[in-house]
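Overview (structure and organization)
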Amino acid sequence: MEYLYGIIIIVGLYVILATSFNLIIGYGGLFSIAHPVFFALGAYASALLARELDVPMPLAMLAGALVAVVASVALALPSLRVSGDYLLIASIGFQLGMLEVIKNLRFTGGPGGLTNIPPFLIREFGRESYVLLVLFLAVAVTLLVRWIARSDYGRAMSAMRDDELAFASLGRDAMRMKIVIFGLGSGLAGLAGALYAHYFRFIAPEQFEILQSAAILTMVVVGGLRTTWGPVVGALLLQALPQMLTFLNLPPSVLGPIQGMLFTGLVLVFMFFRPQGLLPAEDVWHGREGLGGTRRN
Amino acid sequence: MTANVLEVRELNKSFDGIVVAREINLTLQSGRVVGLIGPNGAGKTSLFNLITGVVKPDSGTVLLEGAPLDRLAFPQRVRRGLSRTWQHIRLFPSLSVLDNLLIGTHDYPGERLLNVLFRHAHLAEHDKAARERASDLLARMGLGHVAGALVADLPYGQQKLVGVARALMGKAKCLLLDEPMAGVEGQSYAAMQRIVREVADRGVAVCVVEHNVAFIRDLCDEGVFMFAGAIMARGTVADLTRDPQLTELYFGH
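Residues numbered from 1 in each chain as written. Chains lettered and ligands numbered in written order. Predicted model: local features only at pLDDT ≥ 70, side-chain atom pairs only at ≥ 80, totals over all residues.

Some points on unusual backbone geometry
What is expected of a backbone is that most residues other than glycine have negative phi and most peptide bonds are trans. Residue and element names in this part refer to chain A. In this structure, Asp54 takes a positive phi of about 55 degrees despite not being glycine. Checked against the element boundaries, Asp54 lands in the loop between helix H2 (35-52) and helix H3 (57-82). On the basis of neighbour count, Asp54 is assigned to the exposed category, with 10 C-beta atoms found within 10 Å. Not every positive phi belongs to a glycine, and Arg201 is a case in point at roughly 65 degrees. With respect to the secondary-structure elements, Arg201 resides in the loop between helix H9 (174-200) and helix H10 (211-223). When the 17 C-beta atoms within 10 Å are taken as the criterion, Arg201 is described as partly exposed. (Helix = DSSP H or I, 4+ residues; strand = E, 2+ residues; numbered from the N terminus. Buried ≥ 20, exposed ≤ 12 C-beta atoms within 10 Å, placed from the backbone.)

Set out below in structure tokens:
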């Protein structure tokens, strides 16, 4: 059972990661590969606050998310001032550099990682309570991003992505909007990190490597860019499916390669046969009916 | 009603030795429509880019109602009342015609993320007012029936009208139109002419870059002739088009 809970939690966290990344790359049109490092910042900040300073865990988790917000805004401000493309380059540097910093600091546990992170909810109420918390937050984040995308704010995001200069010519500040989107998306990744840390109770730099960025991007693209349920489906498919294979009781020497083949195979199949993702990307903005937006006749 | 709305003083700009603006002095007055005429490459669109701050000048200053704009970025200048359209329209293809116009209101409280998350009651009122204004504007342009259509589904002439309507959603004091008539004919032509005149009659200072001499003659109170980044002459459109020297510059040798 504990193994199954672990899988559910991992899938739930990847739903949060993929959905928040969809906000950044899909709705915001911002190219970044630093999502795993904001995931890491949330995990480390929350774990350290709770372990070293005895900060109550819900507060520590919020602080973890906040650290990711602050770091992402600090990254986005100077890079977006240069140009949109520069954010991608800066994010590569930040992803690699920040992880090196974490590896080399003493209080983060260095390359060996951080152990004995205090658990949240598990001792008092059992593991099920934490599973429910993660599932609740995964649904909440998915609905939050959907709500934003369909609001007036979503309409403005759509316009900004369509044509930045035309957006500016109507008195709109594209840069401010991008920073808000990037900060919010990264903050949600930080929240996922905090949730990760207090369940598995062990975090190490290798869990947040740049390869994670490819995995999250694949989930969004395979599932469907700029859709509500695309990242959810992507996270399920690319996290749950390989995990489920372990129930086949294959020897590890066979299982590892099969999981790898499944992962790359899925990506290849989608690139050839369904580049738009499982759910087609929404190229036309849809608001809520009534107040929120104008539907096409 | 002839107060100076926009003043351009000694504006200079060159790109790697190619001069696009040479000592440009220009005033636009409330209620008047000025046509900017000149051959391709004369620097007409560049002048719009310099006035709006899309491109930074090497020297010179731009004043809107006496206040210098030089330190303000493009969107901030627009918020002050400097509005422009684009030669290539630049509508938002993912949005309906009406939504394109709604983006044109400079300040839309529903677009602040905090307001989205904690929906305030006054948003609905603001939303309703903006929609009414947009619908009204579309109706006056004869586009009421396409408010819900995607812009890509519209004929080119109607797209140009939507571009102008979108620029008018803000509180423009000065309106710069970049080739509003290129590719526009029939009903859209008449609607464009009517709407530009209406805007000027409300006290907006209008400047039009246009190759369509008939449109310039019908609409503009005066013309400014540009060549090689400099203003060569300013006067009535009839005088400018009669001047043999300018005609030669326009059509080349």
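Notes on the pairing of strand E7 (residues 174-178) of chain B
Residues and elements named next belong to chain B. For E7, the tally of buried residues reaches five of five residues, placing the bulk of the element in the interior. Side chains Cys174, Leu176 and Asp178 of E7 all project onto a buried face; the interleaved residues Leu175 and Leu177 project onto the opposite face, where all are buried too. Pairing of strand E6 (residues 82-84) with E7 involves three bridges; the strand directions are parallel. Paired with Ser83 across the strands is Leu175, a residue of E7. Where E7 meets strand E8 (residues 205-209), five bridges bridge the pair, whose relative direction is parallel. Following the sheet pairing, Cys174 is matched in E8 by Ala205. Each parallel crossover has a hand, and for E7 linked through helix H7 (residues 186-201) to E8 it is right-handed. (Pairing = 2+ DSSP bridges. Right-handed = clockwise from strand over helix to strand, strands pointing away.)

Here's the deal with the interface of chain A and chain B
Across the contact, 27 residues belong to chain A and 29 residues belong to chain B. Of all the secondary-structure elements, those providing two or more residues to the side of chain A that touches chain B are helix H7 (152-162) and helix H8 (164-168) of chain A. Considering every element that reaches the side of chain A that touches chain B, the biggest residue donor is H7(A), with seven residues. (Contact = placed C-beta atoms within 7 Å.)

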